[in-house]
Amino acid sequence: ETVKPVGIGIPGVALMMEVRPGVGPFGSTAVVTIRNSAWIVNRIPARLQWCKASSLDIQGNALLREVHTLAPNGSHSIHWDSKSENRSVNIRLAGSEQEGHSEWFWSPPVPISMGAEGEFPAKMYRPKTQEQYIARVVAVKLRGGSSSLYVHSEDRDNPPYRIVNLCQSRSIAFHQV
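Residues numbered from 1 in each chain as written. Predicted model: local features only at pLDDT ≥ 70, side-chain atom pairs only at ≥ 80, totals over all residues. Heavy atoms only, no water.

With reference to specific residues and values, describe the overall build of the protein chain.
Per the secondary structure count, the protein chain includes zero helices and twelve strands. Along the protein chain, helices and strands appear, N-terminal first, in the series β-β-β-β-β-β-β-β-β-β-β-β. Per-residue burial for the protein chain yields a buried fraction of 32% across its 177 residues. Counting only contacts in the protein chain whose residues sit at least 6 apart along the sequence, the fraction spanning at least 24 positions is 51%. For the protein chain, the computed accessible surface area is about 11200 Å², with 53% contributed by carbon and sulfur atoms. (Helix = DSSP H or I, 4+ residues; strand = E, 2+ residues; numbered from the N terminus. Buried < 20%, exposed > 50% of the residue type's maximum accessible area, 1.4 Å probe, protein only. Contact = heavy atoms within 4.5 Å. Areas by Shrake-Rupley, 256 points an atom, 1.4 Å probe, with all protein chains shown as cover.)

Here you go:
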C-alpha cells in the first residue's frame, strides 16, 4: 500500500500510481488508480504545437515525430523517459503551415515538475512579421500527484511582465538577458 502517489518506472511512459483502501462493503479491497503524470491543455482559440525541451537541437529544431499539435480546447498527455531530468516543454503557435511546421519560434522551456504549481509566460516570436505572442501558462497540481499545464491566451492589458517609468524627467533603458 502506498501512502502517496508514486511514479511507475516504465521507459517512455510517465504514469503515477495511487493505492487507497476501498470504502463501505469494499473496505477490504485496495483501489489502485493509474493516471498520466502530466497533461497539457490548449485554452487559446488557435492551434498550438508543443514538444519536450530535450527534443530541440541547438538551432531550435525538433524532429517532426517529437512535435505535437493541439486543437483549441484540446489536451494531450506528456510522457518522458523515466531517466529524463529536463521535465519541461516548449510551445509555439501552429499557424496554417503543414503539420509539424510553423513560422513561429519556440517559447523558452516551461517547467512541469510533478506536483508543482505556478504561472509562467511563454513568449513566442514570428520573425517574418515581427510579431510576438506571450501566452500565459498555468501549472496546476491535480489530485493523485499529476500536473497539468493550461496554456491561456495572451492578455495585452495585463502582460506577465511590464516596465513602467514613473519618473517625469528621466528615461530608462533595459536589456533582456
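Summarise the environment of A71; cite the residues concerned and give the values.
As for its position among the elements, A71 is in the loop between β6 (68-70) and β7 (75-77). Counting along the chain gives 23 residues from A71 to A94, while the straight-line C-alpha distance between them is 9.4 Å.

Describe the nonpolar core, naming the residues involved and giving the relevant values.
Nonpolar side chains in soluble globular proteins generally cluster together in the buried interior. Judged by nonpolar contacts, the single largest core of 22 residues is most densely connected at I40, I78, I91, L149 and V151. At the level of elements, β4 (38-42), β5 (48-52), β8 (88-93), β10 (118-126), β11 (131-141) and β12 (147-152) are the ones that each hand at least two residues to this core. The biggest single contributor to this core is β11, with four residues. With sequence-adjacent residues up to four places away left out, I91 is seen in contact with I40, L48, Q49, W50, F105, W106, S107, A122, M124, V137 and V151. (Core = buried A, V, L, I, M, F, W, Y, C linked by side-chain atoms within 4.5 Å.)

Which residues make up the pattern of salt bridges, and what values do they have?
Throughout the structure, instances matching the rule amount to six salt bridges. As a salt-bridge pair, R35 and E18 come within 3.1 Å of each other at their nearest N and O atoms. Of this pair, R35 sits in strand β3 (residues 30-36) while E18 sits in strand β2 (residues 13-21), and the two are 17 residues apart along the sequence. Note on E18: relative accessible area 17%, which makes it buried. (Salt bridge = Lys/Arg side-chain N within 4 Å of Asp/Glu carboxyl O.)

Could you give an account of the pairing of β2, with specific residues and numbers?
Relative to β2, strand β1 (residues 6-10) is paired through five bridges, and the arrangement is antiparallel. By the bridge assignment for β2, G9 is matched with A14. Where β2 lies against β3, seven bridges are found, and the strand directions are antiparallel. Bridge pairing in β3 places L15 opposite N36. (Pairing = 2+ DSSP bridges.)

Now, about the sheet that holds β1: what can you tell me, with residues and values included?
The sheet built from three strands is open, its strands ordered β1-β2-β3 with antiparallel pairing. The outermost strands of the open sheet, each flanked by one partner alone, are β1 and β3. Shown here is a sheet whose adjacent strand axes are inclined to one another by a mean of 35°, direction ignored. (Axes fitted to C-alpha atoms, helices over the stretch in contact; angles between N-to-C directions.)

Which residues make up unusual backbone geometry, and what are the values?
Positioned with a positive phi, N73 is a non-glycine residue whose angle comes to about 65°. Within the secondary structure layout, N73 lies in the loop between β6 and β7. Its relative accessible area of 62% is what places N73 among the exposed residues. The phi dihedral of Q130 is positive, around 60°, even though this residue is not glycine. Position of Q130 among the secondary structure elements: in the loop between β10 and β11.

If you had to explain the pairing of β8 to someone new, which residues and values would you point to?
For β8, a buried count of six out of six residues is recorded, marking the element as mostly surrounded by other parts of the structure. Alternating residues of β8 divide into S88, N90 and R92 and V89, I91 and L93, and every residue in both groups is buried. As defined by bridge partners, β5 adjoins β8 across five bridges and the pair is classed as antiparallel. Pairing of W50 across the sheet is with I91, part of β8. As defined by bridge partners, β8 adjoins strand β9 (residues 110-111) across two bridges and the pair is classed as antiparallel.

None of this, on its own, says anything about what the molecule does.
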